[in-house]
Amino acid sequence: MSKVMSAGQVASSLESGMTVGIGGWGSRRKPMALVRAILRSPVEDLTIISYGGPDVGMLCAAGKVRKVVAPFVTLDSIPLEPHFRRARQAGAIEFAEYDEGMFMFGLLAGAHGLPFLPTRAGLGSDVMRVNPGLRTVRSPYGDEEELVAVPALTMDVALVHLNRADARGNAQYLGPDPYFDDLYAKAARRCYVSCERVVDTADLLKEGPVQSLLISRSMVAGVVEAPGGAGFTSCEPDYGRDEAEQRRYVETPWEDFHVEVINDQQG
């Protein structure tokens, strides 16, 4: 059964107040075609869970976000995402900060249906101070070690961008890193995949090994063919990050950049 749909249809399936997980990492392989579709939609009051990049920055700048859960929000070559920074400084959003490793354990717990997972990550750091909702547990074994109990990061919806997918939702990454996109898919009630190209199922292994089939159709509610759909972030090996466009995004007043997004009716 084909699950192919448009980015606009994905955005129209979302509701205000939802928790939305967004895959990728910083300014790498972000589902920007889907993010732009959300910017054109009326949804707001979202909680965003992300190894954050321009996805978080744009949604914050547009007033779509109530809370961000993240270990960082960066453009990689530009260390701190400027729109996220301004939203935080203005007190416009809530922010739950995690260590990168703690965040991964939260995704793992959500993906495996566990209430939390223990880890040493974060112990002795200010993460425990700035995120007072975190708790510790003691090992039930002889060592009685104190560990951070990272709560499961669960989502109503996950949005990810992969290099290839078939019409049924099997999706493949071809770049250097999966960026935990499979964990987002498993930790969400439903997942939407955008991809550079929809291909026949029989052709999925022409460009990469079976291990590159990161996401199974059983996890996926919809597939969006979106060539260039991660831009201006990178989507290796199809294309790298567009540094000039990323710089333009940073330097252009948000009101002007937002108008461009609204007027772009693709997807």
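Residues numbered from 1 in each chain as written. Predicted model: local features only at pLDDT ≥ 70, side-chain atom pairs only at ≥ 80, totals over all residues. Heavy atoms only, no water.

Asker: Requested: an account of the pattern of salt bridges, with residues and values cited.
Answerer: Counted by the stated rule, this structure contains 17 salt bridges. The salt bridge involving Asp-55 is made with Lys-30; its shortest N-O contact spans 3.0 Å. In this pair, Asp-55 sits in helix H3 (residues 54–61) while Lys-30 sits in the loop between strand S1 (19–22) and helix H2 (32–39), placing the two residues 25 residues apart along the sequence. Between Glu-94 and Arg-66 there is a salt bridge, with its nearest N and O atoms 3.1 Å apart. Remark: Arg-66 occurs in strand S3 (residues 65–70) and Glu-94 occurs in strand S4 (residues 94–97); sequence separation between them is 28 residues. Shared partners join several salt bridges into a network, and the residues in it are Arg-28, Asp-76, Arg-241 and Glu-243. (Salt bridge = Lys/Arg side-chain N within 4 Å of Asp/Glu carboxyl O. Helix = DSSP H or I, 4+ residues; strand = E, 2+ residues; numbered from the N terminus.)

Asker: Which residues make up the sheet that holds strand S5 (residues 116–119), and what values go with them?
Answerer: The antiparallel open sheet is built from three strands, whose spatial order is S5-S7-S6. Pairing within the sheet leaves two strands with one partner each, and these edge strands are S5 and strand S6 (135–138). Direction aside, the axes of adjacent strands within the sheet are offset by 40° on average. As judged from the four bridges shared by S5 and strand S7 (residues 146–151), these two strands associate in the antiparallel manner. If you follow Leu-117 over to S7, its bridge partner there is Val-150. Helix H5 (residues 100–111) rests against S5 and S7 of the sheet, and its axis sits at about 145° to S5. (Pairing = 2+ DSSP bridges. Axes fitted to C-alpha atoms, helices over the stretch in contact; angles between N-to-C directions. Contact = heavy atoms within 4.5 Å.)

Asker: Let's hear about empty space enclosed by the protein: which residues, and what values?
Answerer: Enumeration over the complete set of coordinates arrives at one cavity of 30 Å³ or more. Counted as a void, the largest cavity has a volume near 40 Å³. Lining the largest cavity are Arg-28, Arg-29, Gly-175, Pro-176, Tyr-179, Ser-234, Cys-235 and Glu-236. Residue composition of the lining of the largest cavity, by class: three nonpolar, two polar and three charged. (1 Å grid on protein atoms, 1.4 Å probe; cavity = no way out; pocket = protein on both sides within 12 Å on 5 of 7 lines; lining within 4 Å. Points joined across faces, edges and corners; volume = space filled by probe spheres on them. Nonpolar A, V, L, I, M, F, W, Y, C, P; charged D, E, K, R; others polar.)

Asker: Talk me through the packing of H3 against helix H4 (residues 82–89); I want residue IDs and the actual numbers.
Answerer: Packing of H3 against H4 leaves a shortest axis separation of 7 Å and a crossing angle of 50°. Overall, the two elements H3 and H4 adopt an arrangement that is oblique. Our pair here, H3 against H4, has a crossing hand that is left-handed. Residues Val-56, Gly-57, Cys-60 and Ala-61 of H3 lie in contact with H4, whose contacting residues are His-83, Phe-84 and Ala-87. For the contact of H3 with H4, the residue count by class is five nonpolar, two polar and no charged. (Parallel < 35°, antiparallel > 145°, perpendicular 65-115°, else oblique. Left-handed = near helix turned anticlockwise from the far one by under 90°.)

Asker: Outline unusual backbone geometry, supporting the account with residue identities and numerical values.
Answerer: Leave glycine aside and you will find that most residues have negative phi; peptide bonds, for their part, are mostly trans. A cis amide bond, omega 15°, links Gly-231 with the succeeding residue Phe-232. Tracing the backbone through its elements, the reader meets Phe-232 in the loop between strand S11 (220–225) and helix H8 (243–251). Unusually for a residue other than glycine, Asp-45 sits at a positive phi of about 60°. Its location among the elements puts Asp-45 in the loop between H2 and strand S2 (46–50). For Asp-45, a relative accessible area of 37% translates into the label partly exposed. (Buried < 20%, exposed > 50% of the residue type's maximum accessible area, 1.4 Å probe, protein only.)

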